[in-house]
Amino acid sequence: MSAIKTMDVRELINDRPFGGFQKLVVFFCFVIIALDGFDVAVMGLIAPQLREDWGVTPQALGPVLSAALVGLAVGALVAGPLADRYGRKIVLVSSVLFFGLWTLVTAFSSDVTQLVAFRFLTGLGLGAAMPNAATLTAEFAPERKRAFLVTVAFCGFSFGAAGGGFLSAWMIPHLGWQSVLIMGGVLPILVAPLLMWKMPESLSFLVSRRAPRESIRRIVERIAPGAGDDRTDFVLPRAVQSEGGARLVLSAHYRFGTLMLWVGYFTVLFLVYLFSSWLPTLVKSGGYSVSEAAIVTSLFQVGGPLGALCVGWAMDRFRPHGVLLVTMLVAALAICAIGQATHDLLLLGAIACAVGFCLNGGSVGMNAMATCFYPTEARATGACWMSGIGRFGAILSAFAGGQMIAMGLPLGQVFALLAIPAVLSGLALAAKGLERRAVPQLQAA
């Protein structure tokens, strides 16, 4: 009788070429995040027509636009521990189905109160989806490519938001604003059964939860045909902790790194959402037309996916904390430069693109860092809690941007102040890197 052999599934993924099955997993996560991006952006896309049809004031629309952000924060905070307890796949599929259903229901709202309630419920699903998609991507990625592949999946957000913009430009005049919400609801509902059927559970999660050997072997066979058999015992890299989830994320060994990730992500999302929401107004106040302000803002968005891919590539090749520190310091310089370039539209657009490159690249890079920092037992909790805390920065940006404009400060002073959070974000990540070098971390599986 042949002896039982032991196979480290993390070593298996790290030592083999990145194969077609793993590419399929990344594609599924890209699709999930693209659907997420479409549904996050949908209210902004339909808001002008909604105001015209319902006679709603901008002040009344404020809670509608922010309700989903509150839901995103709550959904992320709740979903992480659930994914570490019950699995990434079930939480992902449920979240996609959940936000699709409530987006569909939102299309049949009859007043602003219903819109606020339905958008909050939609946000719960949206907040659960994105960080868990990043977690699943990370757990099927070899460590040498992990940061880059997580950023590839996150590019789905820009793809979904931009695709929604192009589709809504045709659908709203011809089919009404409700049609965009209906499409934003139907697509996730149709995709959810496919995900349930074809998307695998995380291999690392199954091993950490001591799932039946046959269910693990089926996934191993898809990654490396013939590598395992019914006598193989599947394991993860040796780890000294026994606790998982929330307790591990906040344990003495991880607490400082967790807090620095929260500070970094809170400040970077504060800036990303502030620029996305208020840059057109700030540029217009510098003497430009609405269309010129829209062009500058579009260039800010164009820089995002480019920054995400470049930062992810660099994080896999150089010290990731150093990469993110440099990225955020360059972001701070570029933000300051916007306030000094208001006389030249071409230069202003180029600098806005650089700001988008750095801010979005930094924010996506932090998601990749979170999936690398925590071990399997707490990876979803760590990534989701960082995402949830960051959303409060996004919520704060809505009030901060309006307050800065109301104060009537010169543009140079406004952008100089906005450079401060970028510096804080970079310093927080640098501090995390220094602490990690001083106190060696447990190996993340």
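Since the structure is predicted, the reported quantities are computational estimates derived from the model, not experimental observations. (Residues numbered from 1 in each chain as written. Predicted model: local features only at pLDDT ≥ 70, side-chain atom pairs only at ≥ 80, totals over all residues. Heavy atoms only, no water.)

A few words on the overall build of the chain. Helix and strand counts for the chain stand at 16 helices and 2 strands. When the backbone C-alpha atoms are referred to their principal axes, the chain occupies close to 80 × 50 × 35 Å. For the chain, the proportion of contacts with a sequence separation of at least 24, taken over those separated by at least 6, is 84%. Carbon and sulfur atoms make up 67% of the accessible area of the chain, which amounts to about 18300 Å² in all. Distance between charge centroids for the chain: 5 Å, based on 31 positive and 23 negative side chains. (Helix = DSSP H or I, 4+ residues; strand = E, 2+ residues; numbered from the N terminus. Contact = heavy atoms within 4.5 Å. Areas by Shrake-Rupley, 256 points an atom, 1.4 Å probe, with all protein chains shown as cover. Lys, Arg positive; Asp, Glu negative; His and termini not counted. Charge placed at Lys NZ, Arg CZ, Asp CG, Glu CD.)

Here we take up a nonpolar patch on the surface. A cluster of nonpolar residues, Val70, Val74, Val78, Leu82, Tyr86, Ile90, Phe120 and Met196, forms a patch on the protein surface that exposes about 640 Å² of accessible area. The dominant element in the nonpolar patch, judged by the number of residues it contributes, is helix H3 (residues 58-86), at 5 residues. According to the relative accessible area criterion, valine 70 is partly exposed, its value standing at 33%. (Patch = residues over 30% accessible without salt bridge, like charges linked within 9 Å, V, L, I, M, F, W, Y side chains within 5 Å. Salt bridge = Lys/Arg side-chain N within 4 Å of Asp/Glu carboxyl O. Buried < 20%, exposed > 50% of the residue type's maximum accessible area, 1.4 Å probe, protein only.)

Let us now look at the pattern of salt bridges. Evaluation of the coordinates by the stated rule reveals 4 salt bridges. For glutamate 139, the salt bridge goes to arginine 88, with nearest N and O atoms at 2.7 Å. Taken as a pair, glutamate 139 in helix H5 (residues 112-140) and arginine 88 in helix H4 (residues 88-106) lie far apart in primary sequence, 51 residues in all. For arginine 88, a relative accessible area of 0% translates into the label buried. A salt bridge links arginine 379 to glutamate 139, with the nearest nitrogen and oxygen atoms 2.7 Å apart.

The next thing to look at is the environment of valine 42. Relative to the assigned elements, valine 42 resides in helix H2 (residues 20-54). Classification of valine 42 by relative accessible area gives buried; the value is 0%. Excluding residues that lie within four positions of it along the chain, valine 42 makes contacts with Arg119, Val180 and Leu181.

We note that the domain assignment places domain 1 (7-236) and domain 2 (244-439) within the chain. Inter-centroid distance (C-alpha atoms) of domain 1 to domain 2 is 22 Å. Of the residues lining the interface, 35 residues belong to domain 1; the matching set on domain 2 comes to 30 residues. The tally of links between domain 1 and domain 2 comes to 1 salt bridge. Inspection of the region where domain 1 meets domain 2 yields 8 residue pairs in polar contact (both at pLDDT 80 or more). At the level of secondary structure, the elements contributing two or more residues to the side of domain 1 that touches domain 2 comprise H3, H5, helix H6 (146-175) and helix H8 (203-208). (Domains from an automatic or database assignment. Polar contact = N/O pair within 3.5 Å; in protein donor to acceptor, adjacent residues only side chain to side chain.)

Before going further, it helps to examine the environment of alanine 314. With respect to the helices, strands and loops of the structure, alanine 314 is situated in helix H12 (residues 290-317). For alanine 314, a relative accessible area of 12% puts it in the buried group. With 166 residues separating them along the chain, alanine 314 and phenylalanine 148 place their C-alpha atoms 8.1 Å apart.

Because side chains alternate across strand S2 (residues 232-235), one face comprises the buried residues Thr232 and Phe234, and the other comprises Asp233 and Val235, none of which is buried. The sheet contact formed by strand S1 (residues 5-8) and S2 spans 4 bridges and is parallel. Pairing of methionine 7 across the sheet is with phenylalanine 234, part of S2. (Pairing = 2+ DSSP bridges.)

For the rest of this paragraph, the subject is the confidence of the model for the chain. Averaged over every residue, the pLDDT of the chain is 84; the share at 70 or more is 92%. Here S2 stands out as the least confident element of the chain, with mean pLDDT 76; H4 is the most confident, with 94. A low-confidence stretch, residues 439-443 (pLDDT under 50), is modelled with 13 contacts involving residues beyond four sequence positions or located in other chains. (pLDDT = per-residue confidence, 0-100.)

We now examine the packing of aromatic side chains. A full pass over the atoms with the stated rule returns 12 aromatic pairs. Ring centres 6.1 Å apart and planes at 40 degrees place the aromatic pair phenylalanine 275 and phenylalanine 415 in the tilted group. Separated by 140 residues along the polypeptide, phenylalanine 275 in helix H11 (residues 255-284) and phenylalanine 415 in helix H16 (residues 411-438) bring together distant segments of the chain. We note that phenylalanine 275, like phenylalanine 415, is buried. The rings of Phe98, Trp102 and Phe118 are connected pair by pair, giving a single aromatic cluster. Just above the ring of tryptophan 197 sits the side chain of lysine 198; from NZ or CZ to the centre is 4.4 Å. In this structure, lysine 432 packs its charged tip against the face of phenylalanine 373, placed 4.0 Å from the ring centre. (Phe/Tyr/Trp six-rings, centres within 6.5 Å; stacked < 30°, edge-to-face > 60°. Lys NZ or Arg CZ within 6 Å of the ring centre and 35° of its normal.)

Attention now goes to the packing of H6 against helix H14 (residues 345-373). H14 packs onto H6 with a crossing angle of 130 degrees between their chain directions and a minimal axis gap of 9 Å. The orientation of H6 with respect to H14, classified from their angle, is oblique. The handedness of the crossing between H6 and H14 comes out as right-handed. Where H6 approaches H14, its residues Arg146, Ala147, Val150, Thr151 and Phe154 are matched on the opposing element by Val364, Asn367, Ala368, Thr371 and Cys372. (Axes fitted to C-alpha atoms, helices over the stretch in contact; angles between N-to-C directions. Parallel < 35°, antiparallel > 145°, perpendicular 65-115°, else oblique. Left-handed = near helix turned anticlockwise from the far one by under 90°.)

Once that is clear, we can look at the side chain of threonine 371. Positionally, threonine 371 belongs in helix H14. Given a relative accessible area of 0%, threonine 371 falls into the buried group. With near-sequence residues (within four places) excluded, threonine 371 lies in contact with Ala134, Thr135, Ala138, Arg146, Val150, Arg379 and Ala383.

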